[in-house]
Amino acid sequence: MGRTVSVEVVYRGIFQTTLAKNICRGIVLAARKEGKIGIAFGRYGDSPQRNGIPAKNFAIVAPDEEELQLSMAQYEPAETDVTINLDDMLCKGVESWAWYGLQPINEKVREHGVLLVTSTLPAPEVVKFCHTRKTPYRLAILPALPSFSGLWVYKDDHTDARVLGALPKLCPELVSPDAMLEAVKEEWKDELKVASARRAYESVAAVTVRPGEGNPEVPYKFELPGWTKMREGVTVDGMTLGEPIKFGDQIGGYRPARNPYFKKYTTRTMRPVIDFDKCIKCTLCWLQCPDSCFDVTPDQTYDLNAEACCGCGVCEAVCPVDGCVTMVNEQAFTDNKSQWEAYKTDKKAYAKWVHAKIGNPPGRSHGFRYKGQYADELAKAGAPPAGRTRAGASGGEG
Amino acid sequence: MDAESATAVRTAVAEQEALISGSEAVAVAAKLADVDVITAYPIRPYDTMMQYVAKQIANGEQDAEYIVAESEHSQFEIAKHANAVGARSLTGSSGVGWCYAFEAIAVTPALRLPMLAMVGNRALDDPGAFGTEHNDALAARDLGWMHVWVDTAQEALDTTLIAYRVAEDRRVFLPCAISTDGAFLTHSQALVKIPPKPWVDEFLPKYDRKELRFHPDNPITIAPQVNEDWLMEIRRQTDEAMRNARGVIRAAYADFGRIFRRGPAVDGGNPFFEEYRTEDAEIVLVGMGTLSMPVKVAIRKLREQGQKVGFVRIRWFRPFDCDGLGKVLSRFAAIGVADRDFSMGSPYNSGVVANEVRAALYNQPKHPPVVSFITGLGGREVTIPGVREMFEHTRKAAEAGTAPNDTQWIGVRA
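What counts, and where the lines are drawn
- Residues numbered from 1 in each chain as written.
- Chains lettered and ligands numbered in written order.
- Predicted model: local features only at pLDDT ≥ 70, side-chain atom pairs only at ≥ 80, totals over all residues.
- Pairing = 2+ DSSP bridges.
- Helix = DSSP H or I, 4+ residues; strand = E, 2+ residues; numbered from the N terminus.
- Axes fitted to C-alpha atoms, helices over the stretch in contact; angles between N-to-C directions.
- Contact = placed C-beta atoms within 7 Å.
- Nonpolar A, V, L, I, M, F, W, Y, C, P; charged D, E, K, R; others polar.
- Domains from an automatic or database assignment.
- Core = buried A, V, L, I, M, F, W, Y, C linked by C-beta atoms within 7 Å.
- Buried ≥ 20, exposed ≤ 12 C-beta atoms within 10 Å, placed from the backbone.

Visitor: Explain the sheet that holds strand 6 (residues 146-149) of chain B to me, please; I cannot follow it from the model alone.
Guide: The pairing of strands in a sheet comes from backbone hydrogen bonds and takes either a parallel or an antiparallel form. All names here are of chain B. Reading across the sheet, the seven strands line up as 3-2-4-5-7-6-13 and stay open at both edges, with mixed pairing between neighbours. Strands at the two margins of the open sheet, each flanked by one partner only, are strand 3 (65-68) and strand 13 (316-318). Across the sheet, the axes of successive neighbouring strands diverge by a mean angle of 20°, strand direction being ignored. Here strand 6 runs beside strand 13; their pairing, made up of two bridges, is antiparallel. Across the sheet, residue Val148 finds its bridge partner in strand 13, namely Trp316. Along the sheet, helix 4 (residues 72-84) makes contact with strand 2 (37-40), strand 3 and strand 4 (89-93), crossing strand 4 at roughly 160°. Along the sheet, helix 8 (residues 153-167) makes contact with strand 5 (116-121), strand 6 and strand 7 (176-181), crossing strand 7 at roughly 170°.

Next comes the structure, spelled out in structure tokens:
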């Protein structure tokens, strides 16, 4: 009769919410073709969603109703057979509204289970972003840009059908390829989608990620206090004042205190790269940042705190100097270290680093809006370019 | 204060007598307690309290912020927020006005804000009715509000002072609703002893929110978003505060008796409920609020005829003295419970109090039959013949050793 199979879909809130829902629905409907029973649901605590905030959907397929009850009235399964990541940058970790701390993307994947990631990067590059773990799992890449099939706009790039098509190959216990193709056909009534699903089935392959492979950083987490230890009155400590920055012999500037329990950076798909030599100290990035993620350096320039940055791009939009603040795809970074400290340590090396990042960057990420985007889109469509064009702004919606 | 200086204070000042209503007695207590913020929105019958406070302030007798809100919802919110910054606050309402404030009412206990609200008990409209019924206050019975019912203007004054002391105790920090029957208390003036301020000052310490005070010197965030990881612990904390209130109430009444020389501690009674002629009683009625008056009169008449009847009046409904009440009630041959409220579709189709009484008896070795009555709704008078009827039903249950399975409506036209 088989056993219960759990699938998790990690996605970007709003931007991919419909996509995640469609994938989970597709799994359950396909399993139904084989007489199995299942449920599809969103991680309740992720709601209300916000743009880009990591969120989760689940599909659980069981051989019968009584088996399924074991997985019902729960927010999420304890472990998954397959975790699907619809935005490769979520491999850096998942900090949602639903819990405290950073959850590794592979945390729920059972031993020898599968992590399926849509990405333009090859598996060895993607592994570098994923936290290490003690047990082996398999990693499969579905070559794709992160899809933008969200709440307001459903970009029908066949990511839904391709993910569904890949599943019977990666997890044969879930559902047979025939049932899956039949479900895709019935759901979308589109032969092209069926073809996309079939091609994904035929081409997808997984590699084994061994214990210890990946990002060795220990993800931050917090102990939840008991009722006798918690502050009463539903109160939490207010934010304290910030402090000056100390680096080398320099002391000065101001680093505001930030929420130690919620860092937000896994929402980010792009981050600003700052060319401190170009900074005219106009304060605009610092003033306009909606998340107060700029620190005032002892030089009176503005350094990004990459743990606090959601990657919204307001800093780039308000910066009056070309090439001073440039949004670069998060794929180009492996840590959250201070750019200003790197600049102060070795200005020449830093200049090279900035040049590399903004000179030949990975494309703009999905869902990211920026100044000049409309002109870029027109140019791509063959119309004459208008307005300012920017380095690194060629990816469009990607 | 040592005993000697306490006596010196006592001889220097004396109680005065005033002819005031139950609502006005709450207002006078607010003046004596030096309440900082009073929020008001008119609805009968509670409005008699807010009017009297306004008068005291206008006369220069009382110094307080007096805020008339644009609705009960805002009225309760303002009192709540004032309470959070460390201001002693008072508010109140009646009937559907109380219900309109319900969102604020529901969130106040978890925030551990010990504000006081006078509920001038009133029927819930529609139809436009303003007679007393206890369903307004009882709608909030499970949320972490303390609930106390009084039956005289004097008790209204005394209980307001006691309620501040209990609510503002750091171990408690819960809001308290003081229920006063519409018309019979709110619109009826009686002679009340007004204690001198030094006695009140001795009894009632300053409100100190300590580490929970919302203030620039103590930067905190109140009520951030929480999910299922937190709320159960918050509920458990509120639960613990309510448990703590039982002991704090006992201590407060003991101290009240010492300083004011009246009340249950002086009479040898229980703070949570009043016993009337129960020593040798065979059967008793149980109820809350001013129905005590006709019940007591009827008891004296019945006793003249040799019937051993008594009365137990519940003061503190939350926290409920389950053990104490259960012990007292289990010794009678039968118990009648007169509810001035309803709980449609409840077990035995009872009112709220009857089922609480049944639950209190459950763990007692003896379970006398409990006969439940619904009476006096919408402000209808509970009459002496009506009380006799209830005792008659209760006596029959005692003789039969069992109670009817259904609730009797007393004083309703068939």
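This is not the end of the story, as more comes after the structure.
Visitor: Would you take a moment to explain the interface of chain B and chain A for this structure?
Guide: Where the parts come together, the accessible area they lose is often given as the size of the interface. Taken together, the contact between chain B and chain A spans 16 residues of the former and 14 residues of the latter. Where the side of chain B that touches chain A is concerned, the elements lending two or more residues are strand 9 (220-222) and helix 10 (231-260) of chain B. Here the side of chain B that touches chain A gets four residues from one element, more than from any other, and that element is helix 10 of chain B. When its residues are assigned to classes, the side of chain B that touches chain A shows nine nonpolar, three polar and four charged. Here three bridges tie strand 8 (residues 235-237) of chain A to strand 9 of chain B, and the two strands are oriented antiparallel to one another. Bridge pairing in strand 9 of chain B links A:Val236 to B:Thr221.

Visitor: I would appreciate a short explanation of the domain arrangement of chain A in the present structure.
Guide: Residue and element names in this part refer to chain A. According to the domain assignment, chain A contains domain 1 (5-209) and domain 2 (243-380). For domain 1 and domain 2, the distance between their C-alpha centres works out to 32 Å. Considered class by class, the residues forming the side of domain 1 that touches domain 2 number twelve nonpolar, four polar and five charged.

Visitor: I'm lost on the sheet that holds strand 16 (residues 408-410) of chain B in this one. Help?
Guide: Residue and element names in this part refer to chain B. In space, the six strands of this open sheet follow the order 10-12-11-14-15-16, with mixed pairing throughout. Looking at which strands have only one partner, the edges of the open sheet turn out to be strand 10 (273-276) and strand 16. The average undirected angle you get between the axes of adjacent strands in this sheet is 25°. Together, strand 10, strand 11 (283-287) and strand 12 (309-314) form the strand contacts of helix 12 (residues 292-304), whose direction differs from that of strand 12 by roughly 165°. In the packing of helix 15 (residues 384-400) onto the sheet, the strands contacted are strand 11, strand 12, strand 14 (334-339), strand 15 (370-375) and strand 16, and the crossing angle to strand 14 comes to about 145°.

Visitor: Explain the nonpolar core to me, please; I cannot follow it from the model alone.
Guide: Soluble, globular proteins show a tendency: their nonpolar side chains are buried together. Counting 128 residues, the largest nonpolar core has B:Val166, B:Cys176, B:Ile178, B:Val284 and B:Val357 as the members making the most contacts within it. The element contributing the most residues to this core is helix 10 of chain B, with ten residues. Those residues in contact with B:Cys176 that lie beyond four places of it in its chain are B:Leu116, B:Trp145, B:Met146, B:Val148, B:Ala163, B:Val166 and B:Ala167. A:Cys91, A:Ile105, A:Leu139 and A:Leu170 belong to the second-largest nonpolar core, a separate cluster that totals 62 residues.

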